[in-house]
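# Close look at the chain arrangement
The residues making up each chain are set out below.
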Amino acid sequence: MTIFTPIFNGKRITITVSDEEARPIREYGRRLGFKGEVTDIKSGKRFRIYGKACSLPNCVCDATALQLCDLSIAKRAKQKV
Ligand SMILES: [Zn+2]
């Protein structure tokens, strides 16, 4: 298992993911954009991981997480309008 600490809703969270899901994210390494989807083993929640600039200049080693069920809710809300 691998521990990730992305930013989620403006806060740093700690999620535990399988090594299989963690591999592509580590391979993408320091870059912006979509890196992969992971499941937090402890909560069962799915997240989409994006690269993010950290506090160092020209460094993008940090990550942002978006919860996947939030994305589907947003889609459904758009369709109703
Ligand atoms: Zn960095």
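Residues numbered from 1 in each chain as written. Predicted model: local features only at pLDDT ≥ 70, side-chain atom pairs only at ≥ 80, totals over all residues. Heavy atoms only, no water.

### Thoughts on the coordination of the zinc ion
Inclusion rule: The rule for donors is simple: N, O or S, within 2.8 Å of the metal, or within 3.2 Å if the metal is Na, K or Ca. Water isn't counted, so a site may look like it is missing partners. Only protein chains enter the accessibility calculation, which uses a 1.4 Å probe; a residue whose area is less than 20% of its type maximum is buried, one above 50% is exposed, and one in between is partly exposed.
Around the zinc ion, the donor atoms from the protein are Cys54 (SG), Cys59 (SG) and Cys61 (SG), and they sit 2.2 Å away. Within one chain, the residues serving as donors to the zinc ion are arranged as C-x4-C-x1-C. By relative accessible area, Cys61 is classed as partly exposed at 41%.

### So, the pattern of salt bridges
The line we're drawing: Note on definitions: salt bridges are taken to be side-chain nitrogens of Lys or Arg within 4 Å of carboxyl oxygens of Asp or Glu. Secondary structure elements follow DSSP: runs of H or I no shorter than four residues count as helices, runs of E no shorter than two count as strands, and numbering proceeds from the N terminus.
Taken as a whole and assessed by the stated rule, the structure comprises 4 salt bridges. Notably, a salt bridge pairs Glu21 with Arg46, separated by 2.9 Å at the nearest N-O pair. Taken together, the residues Glu21 in helix 1 (residues 19–28) and Arg46 in strand 6 (residues 46–52) connect sequence positions 25 residues apart. For the salt bridge of Arg46 with Glu37, the shortest nitrogen-to-oxygen distance reads 3.2 Å. Given the relative accessible area of 30%, Arg46 is considered partly exposed. By relative accessible area, which is 30% here, Glu37 ends up partly exposed. A single network of salt bridges, built from pairs that share partners, joins Glu21, Glu37, Arg46 and Arg48.

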